[in-house]
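What follows is each chain in one-letter form.
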Amino acid sequence: MKLNVIKLITLLAMGASINTYAAAEVDRQSSSKLLMYIQPVDYTNPIKLWHPYHDYWLYQGPIVEKLAMAKLSDAYGDVAMCEVNQSGKALVWLQPKLFYNPQVQLFYGEVTAEVYKGIGEHLGEYVGKSQVRGFLSMQTEASIEEAYAVAIADVVAKMQADAALQARMSSQAQSSSAESTPCGMVTLFPTKKIRAMSF
């Protein structure tokens, strides 16, 4: 009987230590330094780049997510896409725009980054712009990626030039629950005008 009680206590102790480790791992994964949010409409509604002979449709979300994740990770280290249960030191809402002028063969890219902390407190707005020469009928994907990459690099440079934002992002202290920025707050963001074809 005593042997069974000892085995039961040992199993309970092992289970408790495993649960503690799992909870710590979930907590570590659900908290990032910087959270990135892109509206779902940028993944589901394509925009149209117009040309008299060639039209080109593209989804902005996947392209901007890939490029911004790389640039922001280089600048701030721990960056994650926004999911419901995550929180971080700051949340950056990326809003991409792209326009093509067929007369001068230029792609005009623009990425606006709205940065928030706490429960909706606005830290700043940073706008990155680009102009990339290219043709809509040749190597279109490469020109589009370059236009977004230059605009995102411009945004990140402006974010890094902001001393208040840099101080918040570089602070080593753990944020209190009132200071952490939850992804659930994206439902409070103001709704932008619908972009049907382009901006």
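Residues numbered from 1 in each chain as written. Predicted model: local features only at pLDDT ≥ 70, side-chain atom pairs only at ≥ 80, totals over all residues. Heavy atoms only, no water.

*Asks:* How should I be thinking about the pattern of salt bridges in this particular structure?
*Replies:* If charged atoms from side chains of opposite charge come close, those side chains can pair. According to the stated counting rule, one finds 5 salt bridges in the structure shown. The partner of Asp55 in a salt bridge is Lys48, and the shortest N-O contact between them spans 3.4 Å. Between Lys66 and Glu145 there is a salt bridge, and its shortest N-O distance comes to 3.0 Å. One end of the pair, Lys66, is in helix H3 (residues 60-76); the other, Glu145, is in helix H4 (residues 140-161), with 79 residues separating them in the sequence. (Salt bridge = Lys/Arg side-chain N within 4 Å of Asp/Glu carboxyl O. Helix = DSSP H or I, 4+ residues; strand = E, 2+ residues; numbered from the N terminus.)

*Asks:* Looking at this structure, I do not really get H3. What am I missing?
*Replies:* Since there are 3.6 residues in each turn of an α-helix, residues three or four apart along the chain are aligned in direction. Between its first and last C-alpha atoms H3 spans 23 Å; for 17 residues at 1.5 Å apiece the expected length is 24 Å, and the two agree. Of the positions making up H3, those classed as buried are Gln60, Gly61, Ile63, Val64, Leu67, Ala68, Leu72 and Tyr76. Positive phi appears at Gly77, one or two residues downstream of H3, with a value of about 85 degrees. (Expected span 1.5 Å × (residues − 1). Buried < 20%, exposed > 50% of the residue type's maximum accessible area, 1.4 Å probe, protein only.)

*Asks:* For this particular structure, what's the right way to read the state of the cysteines?
*Replies:* Such a bond, covalent and formed between the sulfur atoms of two cysteines, is termed a disulfide. Applying the stated criterion across every chain, the model contains 1 disulfide. Covalent S-S linkage joins Cys82 and Cys183, the inter-sulfur distance amounting to 1.9 Å. The chirality of the disulfide connecting Cys82 with Cys183 is left-handed, given an S-S dihedral of about -120 degrees. Placement of Cys82 in the loop between strand S4 (79-81) and strand S5 (87-101) and of Cys183 in the segment after strand S8 (181-182) is noted, with a sequence separation of 101 residues between them. Classification of Cys183 by relative accessible area gives buried; the value is 3%. (Disulfide = S-S within 2.5 Å.)

*Asks:* What is the right way to look at the pairing of S5 in this model?
*Replies:* Both faces of the sheet carry side chains from a regular strand, because those side chains alternate between them. Within S5, 12 of the 15 residues are buried, which leaves it mostly tucked inside the rest of the structure. Relative to S8, S5 is paired through 2 bridges, and the arrangement is antiparallel. Residue Gly88 lies in a different strand from S8, and its bridge partner there is Thr181. In terms of strand pairing, S5 meets strand S6 (residues 106-117) through 11 bridges, oriented antiparallel. What sits directly across from Leu98, in S6, is Gly109. Here S5 folds back onto S6 in antiparallel fashion, the turn holding 4 residues, of which Gln105 has a positive phi close to 50 degrees. (Pairing = 2+ DSSP bridges.)

*Asks:* Please clarify how the environment of Ser130 should be interpreted in this entry.
*Replies:* Within the secondary structure, Ser130 sits in strand S7 (residues 121-133). Along the sequence, Ser130 and Asp154 sit 24 residues apart, while their C-alpha atoms lie 8.1 Å from each other. When sequence neighbours within four positions are dropped, the list of residues in contact with Ser130 reads Phe107, Tyr108, Gly109, Ala147, Val150 and Ala151. Here Ala147 takes part through its backbone oxygen, which lies 2.6 Å from a polar atom of the side chain of Ser130. (Contact = heavy atoms within 4.5 Å. Polar contact = N/O pair within 3.5 Å; in protein donor to acceptor, adjacent residues only side chain to side chain.)

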